Amino acid sequence: MTYPGRRLPFAVEHGPSGELPPRHVVRLSGNRIILGGAGASGLPAEIPFSGERPAWENEDLFAKLAALNAQRLPFEHQPKDMEAPDALMAWWQESGRLTVSFRAISWTGPGRWLITTIEPPVVGVLGWLGPKTFGY
């Protein structure tokens, strides 16, 4: 994971080998937020959101992901998906819209997961020059 402007080292929690990951945000599918993992969070497997794409400009999606973040649900790291929930959270941090940390969940092997806390970026750290508009 590369997050410009974030101070190293990141805070990392390693899940016990073979234990199911906690409830987390897996991906977006159409106009639904898909949740996975274990735990009695009381949240459904899917949360609908309204509005159109692009996802990074969707007000309802932002509000719902921010609410899930406030409940400390981690966001699955998906490096090949530009609209993955963890990428959206990082983008909203970099654009100055999200001013708090979020947690990203990733896997190091079968049944081996970890959660990394991603703090908001700081100007000058790892070459980050400050908030920017999407695509620049």
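Structure: above.
Conventions adopted
Residues numbered from 1 in each chain as written. Predicted model: local features only at pLDDT ≥ 70, side-chain atom pairs only at ≥ 80, totals over all residues. Heavy atoms only, no water. Helix = DSSP H or I, 4+ residues; strand = E, 2+ residues; numbered from the N terminus. Rg over C-alpha atoms; globule rule 2.2 N^0.38 Å. Buried < 20%, exposed > 50% of the residue type's maximum accessible area, 1.4 Å probe, protein only. Contact = heavy atoms within 4.5 Å. Axes fitted to C-alpha atoms, helices over the stretch in contact; angles between N-to-C directions. Parallel < 35°, antiparallel > 145°, perpendicular 65-115°, else oblique. Core = buried A, V, L, I, M, F, W, Y, C linked by side-chain atoms within 4.5 Å. Phe/Tyr/Trp six-rings, centres within 6.5 Å; stacked < 30°, edge-to-face > 60°. Expected span 1.5 Å × (residues − 1). Arc of directions from axis to C-beta. Pairing = 2+ DSSP bridges.

### A closer look at the overall build of the protein
Alright, step 1. Of regular secondary structure, the protein possesses two helices and seven strands.
Alright, step 2. N-terminal to C-terminal, the α/β element order of the protein is β-β-β-β-α-β-α-β-β.
Alright, step 3. In terms of overall dimensions, the protein is globule-like: its C-alpha atoms have a radius of gyration of 15 Å, near the 14 Å expected for 136 residues.
Alright, step 4. Seen along its three principal axes, the alpha-carbon backbone of the protein occupies a region of about 40 × 35 × 25 Å.
Alright, step 5. Buried positions account for 40% of the 136 residues belonging to the protein.
Alright, step 6. Counting only contacts in the protein whose residues sit at least 6 apart along the sequence, the fraction spanning at least 24 positions is 58%.

### Considerations on the packing of helix α1 (residues 59-70) against helix α2 (residues 85-94)
If you want to describe how two helices pack, look at the angle between their axes and the distance between the axes.
Alright, step 1. As a packed pair, α1 and α2 sit with axes 11 Å apart at the nearest point and diverge in direction by 100°. With respect to their mutual orientation, α1 and α2 come out roughly perpendicular. Counting all contacts with α1, which are made through L61, F62, L65 and N69, the residues of α2 involved are L88, M89 and W92.

### What to know about α2
Alright, step 1. Buried residues dominate α2, accounting for nine of its ten residues.
Alright, step 2. Structurally, α2 contributes buried residues whose contacts are with β2 (24-29), α1, β5 (75-76), β6 (102-109) and β7 (112-118).

### Section: the nonpolar core
Alright, step 1. Grouped together as the largest cluster of nonpolar side chains are 24 residues, with contacts concentrated most on I33, L35, L61, L65, L68, W92 and F102.
Alright, step 2. Broken down by secondary-structure element, the contributors of at least two residues to this core are β2, β3 (32-36), α1, α2 and β6.
Alright, step 3. Looking at this core element by element, the count peaks at five residues for α2.
Alright, step 4. Leave out the neighbours within four places in its chain, and L35 touches R23, H24, V25, V26, L43, P44, A45, I47, L68 and L73.

### A closer look at the packing of aromatic side chains
Any pair of aromatic rings gets described here by the distance separating the centres and the angle formed by the planes.
Alright, step 1. Inspection of every chain in the model, using the stated rule, returns two aromatic pairs.
Alright, step 2. For the pair F62 and W92, a centre-to-centre distance of 4.8 Å together with 90° between the ring planes defines the contact as edge-to-face. Of the two residues, F62 is situated in helix α1 and W92 in helix α2; the sequence distance between them amounts to 30 residues. In this pair, the class of F62 matches that of W92, namely buried.
Alright, step 3. Taking the centre distance of 6.1 Å and the plane angle of 85° together, the rings of F75 and F102 count as edge-to-face. Remark: F102 occurs in strand β6 and F75 occurs in strand β5; sequence separation between them is 27 residues.

### Side note on α1
The periodicity of an α-helix, 3.6 residues per turn, causes residues three or four positions apart to be oriented the same way.
Alright, step 1. For α1, with twelve residues, the first-to-last C-alpha span of 16 Å sits near the 16 Å given by 1.5 Å per residue.
Alright, step 2. Residues of α1 that are buried include every one of L61, F62, L65, L68 and N69, and no others. Taken around the axis of α1, the buried residues stretch over an arc of 130°, which confines them to a single face. For α1, exposure combined with an orientation more than 90 degrees from the buried face picks out E59 and A70.

### Examining the pairing of β7
Alright, step 1. Burial within β7 is extensive, with six of its seven residues counted as buried.
Alright, step 2. Linkage of β6 to β7, two consecutive antiparallel strands, is achieved through a turn of two residues, within which G111 is found at a positive phi near 70°.

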